[in-house]
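Understanding the architecture of this molecule
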Amino acid sequence: MKSFRKMVPASLILCMMVGVTGCSGMSTRDRDTVIGAGAGAIGGAALTGGSGLGTVGGAAVGGVIGNQIGK
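None of these values were measured; they are calculated from a predicted model.

Helix-helix packing is described using two parameters, namely the angle between the two axes and the distance between the axes. For the pair helix α2 (residues 28-47) and helix α3 (residues 52-69), interaxial distance at closest approach is 6 Å and the crossing angle is 150°. It follows from the interaxial angle that α2 and α3 lie roughly antiparallel. Crossing geometry of α2 relative to α3 is assigned as right-handed. Between α2 and α3, the residues in contact are Arg 29, Asp 32, Thr 33, Gly 36, Ala 37, Gly 40, Ala 41, Gly 44 and Ala 45 and Gly 54, Thr 55, Gly 58, Ala 59, Gly 62, Gly 63, Gly 66, Asn 67 and Gln 68, respectively. Its residues assigned to classes, the contact of α2 with α3 comprises four nonpolar, twelve polar and two charged.

Right, here's the structure in full:
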């Protein structure tokens, strides 16, 4: 179980990096939303010990913040 908890943040970082490379056709606001969601997911997972609900909640909050910053 501990190795799984170590893999979650690493896999989220990898997914975020792959997702950001696909952002070349996006607007700045869309790109900020994606980056905010990825960062929020990592933060949510770290704060809740890898909880799925914490990861999804962090991604949602991070996405909203990234969207608003991109205005």
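We now examine the confidence of the model for the protein. Across the protein, the average pLDDT comes to 82, with 85% of residues at 70 or higher. Helix α1 (residues 2-21) is the least confidently modelled element of the protein, averaging 73 in pLDDT, while α3 averages 90, the highest of any element.

About the cut-offs
Residues numbered from 1 in each chain as written. Predicted model: local features only at pLDDT ≥ 70, side-chain atom pairs only at ≥ 80, totals over all residues. Heavy atoms only, no water. Axes fitted to C-alpha atoms, helices over the stretch in contact; angles between N-to-C directions. Helix = DSSP H or I, 4+ residues; strand = E, 2+ residues; numbered from the N terminus. Parallel < 35°, antiparallel > 145°, perpendicular 65-115°, else oblique. Left-handed = near helix turned anticlockwise from the far one by under 90°. Contact = heavy atoms within 4.5 Å. Nonpolar A, V, L, I, M, F, W, Y, C, P; charged D, E, K, R; others polar. pLDDT = per-residue confidence, 0-100.

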